[in-house]
Amino acid sequence: MPELPELEVVREVLGRRLRGRLIKAVTVAPRGGPIVIRDLTGQGFIRLLTAATFEAVARRGKFLLFTFADAPFTLAVNPKLTGRFQLCPPREPKAGPVHVVFHFKSPTEELRYVDAKRMGQLYLTQDLGAIPTFGEMGPDALEVSPEEFRSRLRPFRGEIKGVLTRAQFVAGIGNAYADEILWHAQIHPYRKRTSLTSEEIDRLHDSMRTTLIESTEKVRQEMGEAVHLKPREFFAVHMRAGEACPRCGTSISSITANQRITNFCRTCQPGGLIRGMTGAQTS
Ligand SMILES: [Zn+2]
């Protein structure tokens, strides 16, 4: 669930607050830990991270990359749908099932990895290329030029929403922000990429940038330092089925396919082939 805007703010906050902090100990929950931790170094997740000092946090697509002072390894975290971090005093209530805790020399705070469905992954590696699919990622959605966007789009022929969420095309966009971007661009989520006009492709690129940049600013304001939150109150259509479209007032539609919800406005985003869709359809 965390996508580019949320991860970008988490990166900012954790980068600022973890820098220079020495990890005194690492606690791994016996049940969840082995599912979320992937030690690609073969030298031990706990062993390598104990006594390591956080240096910087970067982001690549939906991965957060933690580096450590004078250390050859990176902690690459892909929270997937349900993972998140919580940086808080040890007594603070858990934001969900905690699988890994980083304890610091100063005991006033700890960093938790929380994941209700244990879907996320914490890779410890000396080589990012060893992480499955990492090397296949396209450029970050915020860094792709209109020309590159257009040329990268060419080999993909399917429904445009599916294309937008493929990291091989551009990295950082998931189900929620794809809905928001397509609403902004006034393009139906199930339009085939091959049916989009040149003008629509330009508009899509522009909407992608605008939506991601503006959303990052809104997340920054609403999340503050509480990196475990997922502020989405500002969404125009995603998870707003039945509410009025902020642009035209039409009731927002909802289609569930492949266990993913798609929300859009039938008036602002006309067309699209609705074929063989199973699941709920409202309005
Ligand atoms: Zn509308």
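Scope of this entry: the structure provided in the associated data block. (Residues numbered from 1 in each chain as written. Predicted model: local features only at pLDDT ≥ 70, side-chain atom pairs only at ≥ 80, totals over all residues. Heavy atoms only, no water.)

### Re the overall build of the protein chain
Along its length, the protein chain carries seven helices and 12 strands. Here the C-alpha atoms of the protein chain give a radius of gyration of 20 Å, agreeing with the 19 Å that 2.2 N^0.38 yields for 283 residues. Structurally, the protein chain occupies a C-alpha span of about 55 × 35 × 30 Å along its principal axes. Residue burial in the protein chain is summarised as follows: out of 283 residues, 50% are buried. Sequence separation of at least 24 residues holds for 65% of the intrachain contacts in the protein chain that already meet a minimum separation of 6. When the accessible surface of the protein chain is totalled, it reaches about 12,800 Å², and 52% of it is carbon and sulfur. Between the centroid of the 40 positive side chains of the protein chain and the centroid of its 30 negative side chains there is a distance of 5 Å. (Helix = DSSP H or I, 4+ residues; strand = E, 2+ residues; numbered from the N terminus. Rg over C-alpha atoms; globule rule 2.2 N^0.38 Å. Buried < 20%, exposed > 50% of the residue type's maximum accessible area, 1.4 Å probe, protein only. Contact = heavy atoms within 4.5 Å. Areas by Shrake-Rupley, 256 points an atom, 1.4 Å probe, with all protein chains shown as cover. Lys, Arg positive; Asp, Glu negative; His and termini not counted. Charge placed at Lys NZ, Arg CZ, Asp CG, Glu CD.)

### A word on unusual backbone geometry
Of note, Lys-80 is a non-glycine position whose phi angle comes to about 50°, a positive value. Relative to the helices and strands, Lys-80 is located in the loop between β5 (74–78) and β6 (83–88). Of the residues examined, Lys-80 reaches a relative accessible area of 34% and is grouped as partly exposed.

### Focus: the coordination of the zinc ion
By definition of the ideal shapes, a tetrahedral metal site with four donors has angles of 109.5 degrees and an octahedral site with six donors has angles of 90 or 180 degrees. Bound to the zinc ion are the protein donor atoms Cys-245 (SG), Cys-248 (SG), Cys-265 (SG) and Cys-268 (SG), situated 2.2 to 2.4 Å from the metal. One chain supplies every donor for the zinc ion, spaced along it as C-x2-C-x16-C-x2-C. Residue classification places Cys-248 among the partly exposed residues on the basis of a relative accessible area of 37%. (Donors = N, O, S within 2.8 Å, 3.2 Å for Na, K, Ca; no water.)

### Considerations on the sheet that holds strand β9 (residues 121–125)
Two pairing modes exist for strands in a sheet, parallel and antiparallel, and in both the strands are linked by backbone hydrogen bonds. Strand order in the open sheet made by the five strands is β2-β9-β5-β4-β3, with mixed pairing throughout. The open sheet is flanked by β2 (37–39) and β3 (54–60), the only strands paired with a single partner. The average angle at which neighbouring strand axes cross in this sheet is 20°, direction not considered. Helix α1 (residues 4–18) rests against β3 and β4 (63–68) of the sheet, and its axis sits at about 170° to β3. (Pairing = 2+ DSSP bridges. Axes fitted to C-alpha atoms, helices over the stretch in contact; angles between N-to-C directions.)

### Some points on the pattern of salt bridges
Enumeration according to the criterion identifies 17 salt bridges in this entry. Put simply, Arg-59 and Glu-8 hold a salt bridge, and the shortest N to O gap is 2.6 Å. With Arg-59 in strand β3 and Glu-8 in helix α1, the pair connects residues that are 51 residues apart, well separated along the chain. Owing to a relative accessible area of 13%, Glu-8 belongs among the buried residues under this scheme. Three or more residues are tied together by salt bridges with common partners; here these are Arg-16, Arg-17, Arg-21, Glu-109 and Glu-225. (Salt bridge = Lys/Arg side-chain N within 4 Å of Asp/Glu carboxyl O.)

### Some thoughts on the packing of helix α4 (residues 146–153) against helix α7 (residues 198–223)
The contact between α4 and α7 brings their axes to 10 Å, and the two run at 120°. Considering their axes alone, α4 and α7 lie oblique with respect to each other. Considering the relative orientation of α4 and α7, their crossing is right-handed. Note on element contacts: α7 touches α4 through Ser-198, Ile-201, Asp-202, Leu-204, His-205 and Met-208, opposite Pro-146, Phe-149, Arg-150 and Leu-153. A per-class count over the contact of α4 with α7 returns six nonpolar, two polar and two charged. (Parallel < 35°, antiparallel > 145°, perpendicular 65-115°, else oblique. Left-handed = near helix turned anticlockwise from the far one by under 90°. Nonpolar A, V, L, I, M, F, W, Y, C, P; charged D, E, K, R; others polar.)

### Considering the packing of aromatic side chains
A complete count under the given rule lists 12 aromatic pairs for this structure. Judged by centre distance (5.0 Å) and plane angle (75°), the rings of Phe-63 and Phe-134 are edge-to-face. In this pair, Phe-63 sits in strand β4 while Phe-134 sits in the loop between β9 and α4, placing the two residues 71 residues apart along the sequence. Of the residues examined, Phe-63 reaches a relative accessible area of 5% and is grouped as buried. Look at Phe-134 and you get buried, because its relative accessible area is 10%. A ring pair is formed by Phe-149 and Phe-169, whose centres lie 5.3 Å apart and whose planes are at 55°; its orientation type is tilted. With Phe-149 in helix α4 and Phe-169 in the loop between α5 (160–164) and α6 (175–185), the pair connects residues that are 20 residues apart, well separated along the chain. You'll find Phe-149 and Phe-169 in the same group, each marked buried. (Phe/Tyr/Trp six-rings, centres within 6.5 Å; stacked < 30°, edge-to-face > 60°.)

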